[in-house]
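Examination of the molecular architecture
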Amino acid sequence: MRGGVVAGERILIRPTRDSAAQMKMMTNDPATIAAQSYEASTTFAQGSAKFKIKDVGDVKEFEVVVSPTGDQFAVTDTKGNILLNPQPYPPTGPVDVQGTIFTLTDGALPNDKFTANLVPSEGDNGNLRKLLNIQTQKKLNDNESTVLDLYHNLNTDVGLKMSTASRLTDVSRLEKEAAQERVASISGVNLDEEAANMMKFQQAYMASSRIMQAANDTFNTILALR
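Residues numbered from 1 in each chain as written. Predicted model: local features only at pLDDT ≥ 70, side-chain atom pairs only at ≥ 80, totals over all residues. Heavy atoms only, no water.

Take the overall build of the protein chain next. Each helix and strand in the protein chain was counted, giving three helices and seven strands. Secondary structure elements of the protein chain, listed N to C terminal, follow the sequence β-β-β-β-β-β-β-α-α-α. At 45 Å, the protein chain has a C-alpha radius of gyration far larger than the 17 Å of a compact globule built from 226 residues. Here the C-alpha coordinates of the protein chain stretch approximately 155 × 45 × 40 Å along the principal axes. When burial is assessed residue by residue, the protein chain has 17% of its 226 residues classed as buried. Across the protein chain, contacts joining residues at least 24 apart in sequence account for 59% of those joining residues at least 6 apart. Split by element, the accessible area of the protein chain, about 18000 Å² in all, is 56% carbon and sulfur. The distance from the centre of the 23 positive side-chain charges to the centre of the 27 negative ones in the protein chain is 9 Å. (Helix = DSSP H or I, 4+ residues; strand = E, 2+ residues; numbered from the N terminus. Rg over C-alpha atoms; globule rule 2.2 N^0.38 Å. Buried < 20%, exposed > 50% of the residue type's maximum accessible area, 1.4 Å probe, protein only. Contact = heavy atoms within 4.5 Å. Areas by Shrake-Rupley, 256 points an atom, 1.4 Å probe, with all protein chains shown as cover. Lys, Arg positive; Asp, Glu negative; His and termini not counted. Charge placed at Lys NZ, Arg CZ, Asp CG, Glu CD.)

Right under this line is the structure:
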C-alpha cells in the first residue's frame, strides 16, 4: 500500500490467490535430488523423539541408543564400540561426537535406536521414500487427510458450490418474476376492464343528462302556466 490505512477503509487479503499458478517443477536433473537420508533404515524408534543432524564431522556412521530404563542414551559405532558414554536423557542441547553434532528431543521409548549414515556414497533412499509417501501420508486436516484427499475434496467442494450458486440464481430469478407479476396484478392497467368502466360511466352520464333535461322541461312548463 502506498499510504496508511484510515478508519473505515476495507482491505481484501488473498494470500493464496496465485498459489496454484506458482507451482512448477524446479529441476529435471535427478542428480540434484537429495534422495539419501542421514537416518539409516536400521533406525528403530517407536517413540515421538526427533533425531536431527546439525553438522557433520569425522564420525559418519553411528547409533544413538536409549537405555532400557529410558533415562540415558549412549552413542556407538555400527560395531557396538562406545563413541560417547551414557548421558542423561533427554540431552539439554546439541550433542557433539568427534565433530558430528546432532540433536535428540524427548519422547523416545526405552531401547529406541537412531542410526545415522552420513557417508555420501552409501546410505539408503530415505528422503526419496519420504517424498513418495507424501501422497499417502495423512498430514493435513489434523492428520486426517492426504494431499490427494484434499485435492479431491477441493474439486467436490468447488463443484458443489457452483451447483448451489446456479440453483440459487434460478430461484432468485423465479422469485423476481413472481414479484413482478404480483406488482403488475395490483398496480397494472387492464385495458378490457378500463373500457368496460368507461362504457359504464358514459351510460351513467347520459342517464344523468336525461334526468337534467326532464327537470328543465318540467320547470319551463311550470313557468309557462303562469
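There is a patch of nonpolar side chains on the surface, built from Ile33, Leu128, Leu131, Leu132, Ile134, Leu140, Val147 and Leu150 and spanning about 630 Å² of accessible area. The dominant element in the nonpolar patch, judged by the number of residues it contributes, is helix α1 (residues 126-132), at three residues. Summarising the element assignment, Leu150 is placed in helix α2 (residues 147-187). Looking at Leu150, the relative accessible area reads 37%, which means it is partly exposed. (Patch = residues over 30% accessible without salt bridge, like charges linked within 9 Å, V, L, I, M, F, W, Y side chains within 5 Å. Salt bridge = Lys/Arg side-chain N within 4 Å of Asp/Glu carboxyl O.)

Looking at chain direction, strand β2 (residues 61-66) and strand β7 (residues 113-117) are connected through five bridges and run antiparallel. Pairing of Phe62 across the sheet is with Ala116, part of β7. What sits between β2 and strand β3 (residues 72-76) in their antiparallel hairpin is a turn of five residues, with Gly70 showing a positive phi close to 80°. (Pairing = 2+ DSSP bridges.)

Attention now goes to the sheet that holds strand β6 (residues 100-104). Sheet architecture is open: three strands sit in the order β1-β6-β5, paired in antiparallel fashion. With partners counted over all chains shown, the strands left at the sheet margins are β1 (51-55) and β5 (95-97), one partner each. Put simply, the sheet's adjacent strands are angled 30° from each other on average, direction ignored. In this sheet, β6 lies alongside β1 in antiparallel orientation, the contact comprising four bridges. Its bridge partner lying in β6, Ile53 is registered against Phe102. (Axes fitted to C-alpha atoms, helices over the stretch in contact; angles between N-to-C directions.)

A cis amide bond links Tyr89 to the next residue, Pro90, at an omega of 0°. Backbone geometry places Gln98, a non-glycine residue, at a positive phi of 55°. A relative accessible area of 48% means that Gln98 is categorised as partly exposed. The phi dihedral of Asn111 falls on the positive side, at around 75°, and the residue is not glycine.

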